[in-house]
Amino acid sequence: MQLRDLTASTFSEHGALAASNPHYRPRAGQIQMATAVAQTLEEGGALVVEAGTGVGKTFAYLIPALLSGERVLVSTATKALQDQIYFRDLPFLRKALGISLDAALLKGRSSYLCPYRLELAESELDGASTAEVRWVGQVRKWSATTVTGDMSEMPGFVERSPHLPLVTSTRENCLGAQCPSFTQCYVNKARKEALAADLVVINHHLFFADLQVRESGMAELLPSVRAVVVDEAHQFNETGVNFLGEQWSNSQVLDFAREVLRTGNKLARGLGDWAQLVFKVDEACKRWMRCLGDGTHTRINWGDAAPEGADDKEWQESLQEQAQALEELEQALHKVAASSPELARLEERCHIHGQKAQLFQTKPKAGRVRWVELGSVTIRMVESPLDIAADMRAHWGLASTLEGQAEASPAAAHPAQSKRTTDDGASHAWIFTSATLGADPQLSHFTQACGLDGAQVLQVPSPFNYTKQSVLYVPADMPDPKEVARHGQAVALLAAEGARALGGRTLVLTTTLKALRLIGDALREALLAIDSVEVLIQGEQSKQRLMEKFRAPETPGKGYVLVASATFWEGFDVPGDALQLVVIDKLPFPPPHDPLIQARARKYEEAGQSSFARLFVPEAAIALKQGAGRLIRTETDKGILVLCDPRVVQKGYGKQLLANLPPMSRMRSAANFSEAVARLAASNAATATPRAQKAVAAVSGDEASLTD
């Protein structure tokens, strides 16, 4: 039986999934995607799938991958999805399909406990803070029980803990095979398991790290695989851009310098004037900052010689001073490097920093853009490609078929491809998927940026009945978003009206941190008298803590309004009635003054194309769809989406942006909005708990539309 037929039968109403889960129901979109994945696995080439919310894309690619018998690599953008696939989805599917296979989970180095760094931290606790002493003690206690060394498994673990670097390693400070604790290394253990596994779950950062390792001629980090699945593919290009470029910061240099001082005085005291050598490096870093003046959280364009606002001569001299200080330090380290692996590694790192100092004195490479990110006490230099197309096109092994693809049906066409093959002659299979990949049927914004010109493209709509389950409201009287204060106040008042009636259950997504603070403060003032509703603002607590509180209120009858930006536009999943109102402050166009965005825009303009139509509108469409996707997560959810930007109905591009949203019902007036909110509130009162609401829905088989 062909893989496509075997896959289709598995998803049928009498297949393995139905036998394993009595609640399973076949979904046409999921079967369509799964069979397309199976075909690509059989024939090779590349498949790009935009699968709407609720399609079940994870099973749609995992099942044919497991049935294929191929060695498969699955790459995700987030650790949360990595864990979901490895700990929840794969165990279920192995049992349901009756398949025995070895799977491995591989995260970045900083996700694992480093036994050597733990010992080092314990030896240097004199003078450490109480919090650091307590943290190291907790890690030591947990280290006696862990098998994987994955720090996320430690009780009370906080992902962004400032103490994490005390007990984890980085690519820069890892001693590799020379480490005294190498035989206990959890990273090495995880890599060995990955090399022997049939299916490996990694993240996009590791994908590009492995690519770089292969191209350097070193041993491959990950197993040699024929099939690769890239989930959350909408983040793939940006991850690659960050990884394939060059970055250098004063914090990296200063951390390195402090480590030299500590290690030099510990292992090579009297064999070098470590304090003076490190002082010179530190002074050179300070000179970088002085060149750029005062600034916080800004990106500064970089011309041929120096960043904007910096004196060319002063800038070049500051980098030359840094290069010289690093060269002197490297010479001192070279004299003692043979005495210990720690000092040998420091010499290597010093050489790399010296190379960066030399690099950023020269002009950017062709086709790259350079800028500086300036914080209150940090400066980071970046040289980046505009996208990953040029770097990745050869890896996909696809023939460019742009001319022939233009007239082909994107759902059915499978262009002739010049497929890349493995050593045994089998062609590679590449599958890319996400809920949001583009603003046109060809998904060209994604495929062109990633060099996937000859890929098959498939769009699978969501199975949800958005017309019945959701409503879109664009307030007609909303102030112009350019009037930041007035607009923010109006957004807060509208959100407060909805939250007041619903008892919370509201998510406000902002496009800037300034709007985040303004709207958050205004909402707190507007809801001050309502004890049953609490306003949560991103940044005041960890993201993990905010999500936990919002999804499951700790106090009965308590509701929440969450005001958030950036990472909450995607990956924040709140099924059920804990979230019923999503308010978006304005259209999420990319920042026009961002150096990378400006360089991409120039590329379009120089080619005689409209950068607004080719770049800004597609970027906004994708981000808007991501934000709107927070509202409806299951077939029984109901909610209201409010877009507080009048441009979406006033400007010509607004039709394209609205067309990319799910097919929601539309409301035209403030009275309609108030009525819809009241209807939702009445429904909540009638079904007191999320569980009861879902039970009622299951019995009735259908729910009344919000607009009935």
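Heads up: these notes are all about the structure in this document. Remember, predicted model here, so these are calculated numbers, not experimental data.

All right, on to the environment of F256 then. Here F256 is to be found in helix α11 (residues 250–267). For F256, a relative accessible area of 0% puts it in the buried group. Each C-alpha atom of the pair F256 and F464 lies 52 Å from the other, and the pair is 208 residues apart in sequence. Filtering out sequence-adjacent residues up to four positions away, F256 remains in contact with L326, L329, L333, L346, R349, C350 and H353.

Here the focus is the side chain of N173. With respect to the element layout, N173 can be found in the loop between α7 (130–143) and α8 (186–196). Engagement of the side chain of N173 in a polar contact is seen with the backbone nitrogen of T170, the distance being 2.9 Å. In this view, N173 contacts R117, E259 and R349; residues no more than four positions away in its chain are not counted.

Here we take up the environment of P91. By the secondary structure assignment, P91 is in helix α5 (residues 79–97). In the structure, P91 is positioned 12 residues away from A103 in sequence and 9.6 Å away in space, judged by C-alpha atoms. Contacts of P91, omitting those with residues within four sequence positions, involve I85 and Y86.

Let's shift gears to the sheet that holds strand β11 (residues 456–460). The seven strands are arranged β3-β4-β2-β5-β10-β1-β11 in an open sheet whose pairing can be described as parallel. Strand pairing shows two members of the sheet lacking a second neighbour, β3 (103–105) and β11, which therefore form its edges. The sheet shows a mean angle of 15 degrees between the axes of neighbouring strands, direction not considered. With four bridges joining them, strand β5 (residues 227–230) and strand β10 (residues 429–434) adopt parallel strand pairing. The residue bridging V228 from the neighbouring strand is W430, located in β10.

Let's shift gears to the packing of helix α3 (residues 28–43) against helix α4 (residues 57–68). At their nearest, the axes of α3 and α4 sit 8 Å apart, and the two run at 35 degrees to each other. Considering how the two elements wind past one another, α3 and α4 form a crossing that is right-handed. Across the interface between the two elements, Q30, M33, A34, V37, A38 and L41 from α3 touch K57, F59, A60, Y61, P64, A65 and S68 from α4. Partitioned by chemical class, the residues of the contact of α3 with α4 number 10 nonpolar, two polar and one charged.

Ranked by size, the top nonpolar core spans 56 residues in total, and within it M151, F207, F208, F236, F432 and L452 carry the most contacts. It is helix α9 (residues 204–215) that provides the largest number of residues to this core, a total of five residues. Other than its neighbours up to four places away in sequence, F207 contacts L73, S75, I202, V228, F236, M392, W396 and W430. Among the nonpolar cores identified, the runner-up in size contains 44 residues, and L546, L615, L657 and L658 belong to it.

Scoring rules and cut-offs
Residues numbered from 1 in each chain as written. Predicted model: local features only at pLDDT ≥ 70, side-chain atom pairs only at ≥ 80, totals over all residues. Heavy atoms only, no water. Helix = DSSP H or I, 4+ residues; strand = E, 2+ residues; numbered from the N terminus. Buried < 20%, exposed > 50% of the residue type's maximum accessible area, 1.4 Å probe, protein only. Contact = heavy atoms within 4.5 Å. Polar contact = N/O pair within 3.5 Å; in protein donor to acceptor, adjacent residues only side chain to side chain. Pairing = 2+ DSSP bridges. Axes fitted to C-alpha atoms, helices over the stretch in contact; angles between N-to-C directions. Left-handed = near helix turned anticlockwise from the far one by under 90°. Nonpolar A, V, L, I, M, F, W, Y, C, P; charged D, E, K, R; others polar. Core = buried A, V, L, I, M, F, W, Y, C linked by side-chain atoms within 4.5 Å.

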